[in-house]
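# Analysis of the macromolecular model
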Amino acid sequence: MTLHFHKYQGTGNDFVMIDDRAEAFDATNQELIARLCHRRFGIGADGLILLRNRPGFDFEMVYFNADGRPSSMCGNGGRCTVAFARFLNIIGDKAQFLAVDGPHDARVEADGLVHLKMQDTAKARRAPVHAEQGDVFLHTGSPHHVHFLSPAEGQKLEEYDVYGAGHDIRFDQAYDPAGTNVNFVQVPADPGQPWAVRTYERGVEDETFSCGTGVTAVALAASARGAVSPVQLSTPGGQLQVSFQQRPDGGFEDVWLSGPAVRVFEGQLAV
Ligand SMILES: N[C@H](CCC[C@H](N)C(=O)O)C(=O)O
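First, a word on scope: everything that follows refers to the structure included in this document. Small disclaimer: the values here were computed from a predicted structure and weren't measured. (Residues numbered from 1 in each chain as written. Predicted model: local features only at pLDDT ≥ 70, side-chain atom pairs only at ≥ 80, totals over all residues. Heavy atoms only, no water.)

## Quick notes on the nonpolar core
If you look at the biggest cluster of nonpolar residues, it comprises 48 residues, and the most contacted ones within it are Phe97 and Leu233. The leading source of residues in this core is helix α4 (residues 212–222), at seven residues. Two domains each provide a minimum of three residues to this core, namely domain 1 (2–117 + 261–270) and domain 2 (125–254). Setting aside anything within four residues of it in sequence, one finds Phe97 in contact with Phe57, Phe59, Met61, Met73, Gly78, Val82, Gly102, Pro103, His104, Ala106 and Leu116. Core analysis: the next-biggest nonpolar cluster, separate from the first, contains 16 residues, Phe5, Phe25, Cys37 and Ile43 among them. (Core = buried A, V, L, I, M, F, W, Y, C linked by side-chain atoms within 4.5 Å. Buried < 20%, exposed > 50% of the residue type's maximum accessible area, 1.4 Å probe, protein only. Helix = DSSP H or I, 4+ residues; strand = E, 2+ residues; numbered from the N terminus. Domains from an automatic or database assignment. Contact = heavy atoms within 4.5 Å.)

Set out below in structure tokens:
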């Protein structure tokens, strides 16, 4: 069988994207998905996304991590799927699609900027590990542990051992059995400045260039440290913005993740 695919990236978080409206792709074939995502033996990506038809919605997004397993919501992947749907002329500049965590509204601007509405999010709670360092946990469609680097420790985000520290937290038994993604944040001198984030991603089992649900979790957690909507976030893969309204119960609604989503190339592969 010949597989026709497109490669997309959203601030460096990259995906194999497949127009699977015919539902010809075997979504149960974990080995194939992992092989397609493999950086040496395959196309190479942080995840694989199927765009499928779904009655009542413009489309459905089915997301798999690079390990080949179905996963929770992917924010950057959602933005890329909206850009892909626009490229396929399935949508105009607005969309409503179904993902694993429910319906999402989205808007695409002429310059390619994609705004994705995220699910309402409960307020940050003490993380089950490293709470003494002020670490918090939020679920923004995917689970996220957030660690704010402490200036007193003189830590610099660009020198931080994101893989080592991230791996330890991701596999800590306190997060069993599902695990979590792990975000490390440099607090800006002025909360109105960009918040720098690096993320260890579950299911990729490595640092990614950015994580959409991750920067969303960071922006919401940063609201308790002076950040005001819209929050600018800088990641190794580029700039993202998160806007939100805070609810009286401390939770968040009207949460939007905004940033670029780029079609890098398309290709065919015998599978
Ligand atoms: N690896 C994540 C899913 C993808 C999240 C990330 N790529 C994003 O943009 O939100 C997890 O297993 O929870």
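## With respect to the site of the ligand
Around the ligand, 17 residues are found, and the nearest of them are Asn181, Glu201, Arg202, Gly212 and Thr213. One of the backbone N or O atoms of Gly212 is found 2.8 Å from an oxygen atom in the ligand. For the ligand, whose free accessible area comes to 360 Å², the fraction covered by protein is 100%. Elements that contribute at least two residues to the shell around the ligand include exactly β4 (59–65), α2 (75–87) and α4. Of the residues belonging to the shell around the ligand, the class tally is five nonpolar, 10 polar and two charged. Each of two domains, domain 1 (2–117 + 261–270) and domain 2 (125–254), supplies a minimum of three residues to the shell around the ligand. (Near = heavy atom within 4 Å. Polar contact = N/O pair within 3.5 Å; in protein donor to acceptor, adjacent residues only side chain to side chain. Areas by Shrake-Rupley, 256 points an atom, 1.4 Å probe, with all protein chains shown as cover. Nonpolar A, V, L, I, M, F, W, Y, C, P; charged D, E, K, R; others polar.)

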